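Summary of structural features
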Amino acid sequence: MVRQAWPRLRSRAAVAAVPGFFAARDPGHEALTVEILGPGRELRRRSMKFGGELRVTAHKASPTQALPPGWCQEWRVLRFIPERASSNLIQAINKVCIDTDAKTEQCRNCLLMPYTKSIVSAVMSVLVMVGAPVFESAEERPLKVLCIGLGGGSIPSFLVDMLPGCLVDVVEVEPAVIESLEAMGFQPDDHIRLWLEDGAQFVCRAVDTFAVGKADATGPYDAVIVDAYDADGCVPDAFTMADTFFSQALAAGLLSQRSVLVTNFLPGTDLGPVLSCQAEALSNRSDCLSFAIQAEGSGNLLALQVCGSPMRRPTKAELRLRLWLAARTVESNTTCPFRVSRLVAKGLQQIQIRGKRV
């Protein structure tokens, strides 16, 4: 049974108003970023299939929880170093616990990179808004998520930690990233399945398994998260253009009846053409809603396509309120350590698509 946000608004608002409340319980609070600024201890160095180099470094972390004697915590930082650039581009940051036998385990409730908090906030809140089975057990009806792009695995790990009934498929095209998983502390399990494959090709294969009803088919996804970049730091055209494998998969039923597609873009991206292409692929769905929010920290833009929306053409104020109420329900029904309601409608934009506000 899902608890509703209304009865707890006053008490939770009062608690949240206490200075430092969320900071004190968030193991990935932004103040801890200073701990990863140094060079760190190099753990992995790999050449990447598509050019450049991947590195994983370890950095001492201040414990944010009581640990058994002899245990410690570290940050693990995954960087991409382009072939013709001097920058160290941080792709992922995980916090890990290390026991006395040197066994390393990811702290799944920790997100240090602010934009990842915005992504999971958007996913959980929008799914609540459209009535997806966010808080049901896997036995009743698992919540099915696809992540295109692995990084350090922080987003899929966080989702399965917050939502016990969540099953996540993760697709990664770069072998060096897969080879670095142990150093990042990430471990696939019964709730997280991992594929080394091009994401656009994977979705086509996935919808084929849905259609023929194969036993190992995950079924249409409740959420699809595209967090993938090419060598120039842009989302590949395969996920943004018309007449691609990805757009064909959207048209063929990649998303369930009540679902969300989230695509992470760099600041300044013109989202109109992207959302138009995605909306065209979903044109057989009459209940779709398109909008964008600004990610925390990086200023990245998150483009959202929402299927099963209870609103056809909401005003900006109506959409903001619906998202805020859904975010409060997430805060009431999970152990999320940061304020979802602060992130879910930040920089909310309603985009013009073919002359219509959507």
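Residues numbered from 1 in each chain as written. Predicted model: local features only at pLDDT ≥ 70, side-chain atom pairs only at ≥ 80, totals over all residues. Heavy atoms only, no water.

**Quick look at the pattern of salt bridges**
Summed over all chains, the structure comprises 14 salt bridges. In this structure, R193 and D169 form a salt bridge, with 2.9 Å as the shortest nitrogen-oxygen distance. Remark: D169 occurs in strand β7 (residues 166–172) and R193 occurs in strand β8 (residues 192–196); sequence separation between them is 24 residues. You can call D169 buried: its relative accessible area is 3%. It is possible to trace a salt-bridge network through shared partners that takes in R41, E74 and R76. (Salt bridge = Lys/Arg side-chain N within 4 Å of Asp/Glu carboxyl O. Helix = DSSP H or I, 4+ residues; strand = E, 2+ residues; numbered from the N terminus. Buried < 20%, exposed > 50% of the residue type's maximum accessible area, 1.4 Å probe, protein only.)

**Notes on the sheet that holds strand β3 (residues 72–81)**
Taken together, five strands build an open sheet; the order of strands is β1-β2-β3-β4-β5 and the sheet is antiparallel. Of all strands in the sheet, those with a lone pairing partner are β1 (41–47) and β5 (104–106), marking the two edges. Strand after strand, the sheet turns through a mean of 30° between neighbouring axes, direction not considered. Here nine bridges tie β3 to strand β4 (residues 89–98), and the two strands are oriented antiparallel to one another. The residue bridging F80 from the neighbouring strand is L89, located in β4. (Pairing = 2+ DSSP bridges. Axes fitted to C-alpha atoms, helices over the stretch in contact; angles between N-to-C directions.)

**Comments concerning the environment of M162**
Note that M162 resides in helix α4 (residues 154–162). Counting along the chain gives 174 residues from M162 to C336, while the straight-line C-alpha distance between them is 6.6 Å. When near neighbours in sequence (up to four residues on either side) are disregarded, M162 contacts N109, M124, T334, T335 and C336. (Contact = heavy atoms within 4.5 Å.)

None of this, on its own, says anything about what the molecule does.
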